[in-house]
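The chain contents come next:
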Amino acid sequence: MGFRCGIVGLPNVGKSTLFNALTETQAAQAANYPFCTIEPNVGQVAVPDERLDKIAAIARSAKIIPTQLAFVDIAGLVKGASKGEGLGNQFLGNIREVDAIVHVLRCFEDDDIQHVANRVDPLTDAEVVETELMLADLESLEKRVPAAQKKATGGDKEAKVMASVLGQALELLRAGKPARLTEPNGDDEARVFQQAQLLTAKPVLYVCNVGEQDAASGNALSAQVFEKAKAEGAEAVVVSAAIESELVAMEAEERAEYLAELGLEESGLSRVIRAGYKLLGLKTYFTAGPKEARAWTFPAGARAPQAAGEIHSDFEKGFIRAETIAYDDFVTLGGEAPAREAGKLRQEGKDYVVQDGDVLHFKFNV
C-alpha cells in the first residue's frame, strides 16, 4: 500500500535538507533496510518500529523488512501559485498526488541564511502556502457547487450529496479555513468528499526546523506552530536539519551517543516518519518466519481480508481465515508455538478488525 507524504515549504527553510537527510539516512542503512529512490525527488523510507526487531529475534528471521512511507520533495512555492505563478501549476499538481502534507517551517535565526521575506515568522510562512491551496480549492468549488446545487433541485441524488458536503467545504474556505475541517454526514458524503481531492483536505504535519540548541525542547517560534497545529487538529514535530545532516555520516553506535549528548532519545527524522504514519491513520501488523519478519501497513479499521490484500490481492480474494497472535502474547510467550500451546493463537474470520501489532498468518485459497 503506497502512501506518499509531500514535503513543502518556502525557500531556505530546510525543506531540501530534510528530504536529503531522510533519503541519505535510509540509503546508509541499506544493509539492514531496503531503500530505493523511485524518482529523483521521491524517497522510500522505513518506519521505525522496535517491535519488528523483537519479533524477528524470537522467530529467528533471516531478514527484517520494515513498513515504509514515500516522501516527495515538492517544487518550491511563491505567492500566486494558485494562478500559475512560478512553478505553481507543478506545485499544485504534485500536492494533489500525495496523501499528506509535511510542511517545513523555519523556526531558527541565522544571519547567514537569508529568508525569502527577510524575516523569520513560521506562522506567516505557513499562511503563504495555505492561502495558495485555499485559493485553488475555492476556484474549483465555486464552479462545482453551484452546478451540483442546480442538478440537486432536479432530483439528482448524487448531486444532492455533492452539494451538501462540498457546499460545507466551500463555506469553510470562504471563511479562511481549510476544507479538512469539513464534517461529512454519512458514508456517501465521506466518499464524495474524498473523491473531490481538495488540496486543503489533506492532513498536515508541521515540521519546525530549529537550531541545534533547541532540538530537544523547541523554542518560542516552534511553540507557536504547535499551538496552530493543535487548533487545526494537525500534527507537529521539532527537528534540527543541521543535526540530521550530521547524523547521516555516523554509525549506529556513534549516532546514539551523539543524540544522548544532545538530550535526544531518537533522531528528528524518526519522529517525522512516525508522525507521518500517525497522521495518515495507519497501523501495522506483522508476519514472521525463518525467512523474514516483515511489517505491513494497513488503514485503521481494516478487516482481515483487506489487511491480507496488502500482501497480495489473491490473499484477499481467497481469504479463509487469519491465525492471529497479539504482539504482547507473541513476545511474552516466546513465539508462535508457545502462543498456540497457551491458547493465545486465535482463528479469526472475515469480520475481524485487525489490531495494531497483530502477528498474522493468513490462510487462503484461490
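Preceding this paragraph is the structure being described.
Residues numbered from 1 in each chain as written. Predicted model: local features only at pLDDT ≥ 70, side-chain atom pairs only at ≥ 80, totals over all residues. Heavy atoms only, no water.

Peer 1: Residues and numbers for the packing of aromatic side chains, please.
Peer 2: Both the distance between ring centres and the angle between the ring planes are used here to describe each pair of aromatic rings. In this structure the tally under the stated criterion is five aromatic pairs. Here tyrosine 285 and phenylalanine 298 contribute two aromatic rings whose centre-to-centre distance is 5.8 Å and whose plane-to-plane angle is 45°, an arrangement assigned as tilted. Of the two residues, tyrosine 285 is situated in strand β9 (residues 282-288) and phenylalanine 298 in strand β10 (residues 292-299); the sequence distance between them amounts to 13 residues. Ring pairs connect the aromatic residues Tyr285, Trp296, Phe298, Phe319 and Phe362, which therefore count as one cluster. For arginine 51, the ring lying beneath its charged end belongs to tyrosine 327, and the centroid distance is 6.0 Å. (Phe/Tyr/Trp six-rings, centres within 6.5 Å; stacked < 30°, edge-to-face > 60°. Helix = DSSP H or I, 4+ residues; strand = E, 2+ residues; numbered from the N terminus. Lys NZ or Arg CZ within 6 Å of the ring centre and 35° of its normal.)

Peer 1: Describe the packing of helix α4 (residues 122-153) against helix α7 (residues 220-232), naming the residues involved and giving the relevant values.
Peer 2: Two elements in contact, α4 and α7, have axes whose closest approach is 9 Å; the angle formed by their N-to-C orientations is 45°. Put simply, α4 runs oblique to α7. Residues Pro122, Leu123, Ala126 and Glu130 of α4 pack against Leu221, Gln224, Val225, Lys228 and Glu232 of α7. Looking at the contact of α4 with α7 residue by residue, the classes come out as five nonpolar, one polar and three charged. (Axes fitted to C-alpha atoms, helices over the stretch in contact; angles between N-to-C directions. Parallel < 35°, antiparallel > 145°, perpendicular 65-115°, else oblique. Contact = heavy atoms within 4.5 Å. Nonpolar A, V, L, I, M, F, W, Y, C, P; charged D, E, K, R; others polar.)

Peer 1: Talk me through the pairing of strand β1 (residues 4-8); I want residue IDs and the actual numbers.
Peer 2: The buried fraction of β1 is high, at four of five residues. Sheet topology places β1 next to strand β5 (residues 68-73); four bridges connect them, and they run parallel. Bridge pairing links glycine 6 to valine 72 in β5. Note: β1 against strand β6 (residues 100-106), four bridges, orientation parallel. Paired with valine 8 across the bridge in β6 is histidine 103. (Buried < 20%, exposed > 50% of the residue type's maximum accessible area, 1.4 Å probe, protein only. Pairing = 2+ DSSP bridges.)

Worth remembering: the numbers are spatial, not functional.
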